[in-house]
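Architecture at a glance
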Amino acid sequence: MDQVSAGNAERQGALTKGEVLPRPSSGQSEGFKPGRSVLNSLLSGALAGAVAKTAVAPLDRTKIIFQVSSNRFSAKEAYKLIYRTYLKDGFFSLWRGNSATMVRVIPYAAIQFCAHEQYKRILGQYYGFQGKALPPVPRLLAGSLAGTTAAMITYPLDMVRARMAVTPKEMYSNILHVFVRISRDEGLQTLYRGFTPTILGVIPYAGLSFFTYETLKKLHAEHTGRSQPFSYERLAFGACAGLIGQSASYPLDVVRRRMQTAGVTGHTYGSISGTMREIVREEGVIRGLYKGLSMNWVKGPIAVGISFMTFDLMQILLRKLQQWRYSAR
């Protein structure tokens, strides 16, 4: 994500104003080969996803519980649910399902951020913007393609995570148990239930999230003259990106959760349109399709902001370490 800033931002890694890393000389170029860049993106993305999701796990679990039920959502009811869970099962029960989240989020975030870097490079070569900020349409396309790639590869893990979040711990003892029971009782195809609304939701969500973050960084560089934002600015840019991306795709997120958890909630959802009609008929448009959105406006920007900031700072740190290694030779 550090490649967004205008012109020479592709290889600069400044943590503070005026601190700019030099481009590698020809003798150092070995450390900056594409394979190393991909590995850096994977590691940075994995850490970014893990830190962000763990930070908001209790809110995320609460949101999913409301999404898959017909109970009316409010901030007061969400607080009551969190408090009741804490009293009944203890503090760490608020992170129930987070192990499944990590199993999914670490590869998902690693693939998404890495794919985004690669799509930016490919589109930059195609449009003649290599090493510079992409034009708006390719910028949006790179984010959508990255999200779609990650979602397609890791979808069954998302299904497992949703099941663990809405069921008592007695039902599923661990992640492997979820896979075994779903495959045995409901069929392997169930692991991909809700896949279509997931992809349809990921396209605007990932596209707008990456687009907003990259655009804000580009505007920041143009108006301040600093090629790299400070950490708190990255966090703010990421929060704006998360707010816009999640708001645009939220109804499909509700549909996805309903379809994923149908086997344990007593509902049968056969299609996206059918699921939407049933939700609207029983709960209304706002209270149904946008249930929990206000909580997403709290947790979403925090999670996305932390994720983008962590990725950027990890990229900067890894590049600095590589610069130090090759200058020490």
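Here the structure is a predicted model, which means the values were calculated and not measured.

As for the pattern of salt bridges
- Throughout the structure, instances matching the rule amount to 15 salt bridges.
- Arginine 193 is the salt-bridge partner of glutamate 186, the closest N and O atoms lying 3.8 Å from each other.
- The exposure class assigned to arginine 193 is partly exposed, which follows from its relative accessible area of 25%.
- Through salt bridges with shared partners, a single network forms among Arg104, Asp158, Asp253, Arg256 and Arg257.

Observations regarding the packing of aromatic side chains
- Under the defined criterion, the tally for this structure stands at ten aromatic pairs.
- Taking the centre distance of 5.4 Å and the plane angle of 85 degrees together, the rings of tyrosine 155 and phenylalanine 195 count as edge-to-face. In this pair, tyrosine 155 sits in helix α5 (residues 136–166) while phenylalanine 195 sits in helix α7 (residues 195–224), placing the two residues 40 residues apart along the sequence.
- Under the relative-accessibility criterion, tyrosine 155 is labelled buried at 1%.
- An aromatic cluster is built from Phe113, Phe210, Tyr213, Phe308 and Phe311, whose rings are joined through pairwise contacts.
- Over the aromatic face of tyrosine 108 sits the side chain of arginine 104, whose NZ or CZ is 4.6 Å from the ring centroid.
- Above the face of the phenylalanine 230 ring, arginine 226 is positioned so that its terminal group lies 4.0 Å from the ring centre.

Regarding the confidence of the model for the protein
- Mean pLDDT over the protein stands at 81; residues scoring 70 or higher make up 85%.
- α7 holds the highest mean pLDDT among the elements of the protein, 93, whereas helix α9 (residues 262–265) holds the lowest, 66.
- Here residues 1–32 scores under 50 on pLDDT; set against residues more than four positions off or in separate chains, the count is 85 contacts.

Quick notes on the nonpolar core
- Membership of the largest hydrophobic core comes to 17 residues, with the highest contact counts inside it found for Phe113 and Phe308.
- Elements supplying a minimum of two residues to this core: α4 (98–127), α5, α7, α8 (231–260) and α12 (293–327).
- The leading source of residues in this core is α7, at five residues.
- Formed by eleven residues, the second largest nonpolar core is a distinct cluster that contains Tyr250, Val254, Tyr269 and Leu293.

Conventions we followed
All residue numbers refer to positions counted from 1 along the written sequence of the respective chain. Residue-level local features of this predicted model are given only where pLDDT is at least 70; pairs of side-chain atoms are given and counted only at 80 or more, and the full residue set underlies all totals for whole chains, interfaces and linings. Note: side-chain values were computed over all heavy atoms of the structure, leaving out hydrogens and water. Salt bridge criterion: a side-chain nitrogen from Lys or Arg within 4 Å of a carboxyl oxygen from Asp or Glu. Between buried and exposed lies partly exposed: a residue is buried under 20% and exposed over 50% of the maximum accessible area for its type, with that area taken using a 1.4 Å probe on protein chains only. Planes of paired rings set the category: under 30 degrees apart is stacked, over 60 is edge-to-face and the rest tilted, where pairs are Phe, Tyr or Trp rings (Trp by its six-membered ring) whose centres lie within 6.5 Å. For the purposes of this entry, the term helix denotes a DSSP run of H or I that reaches at least four residues, the term strand denotes a run of E that reaches at least two, and both are numbered from the N terminus. Whether a charge sits over a ring comes down to the Lys NZ or Arg CZ being within 6 Å of the ring centre and within 35 degrees of the ring normal. For every residue, the predictor states its confidence as a pLDDT score lying anywhere from 0 to 100. Any two residues whose heavy atoms approach within 4.5 Å at even a single point are treated as in contact. The nonpolar core is taken to be a set of buried Ala, Val, Leu, Ile, Met, Phe, Trp, Tyr and Cys residues, with the residues joined through side-chain atoms within 4.5 Å.

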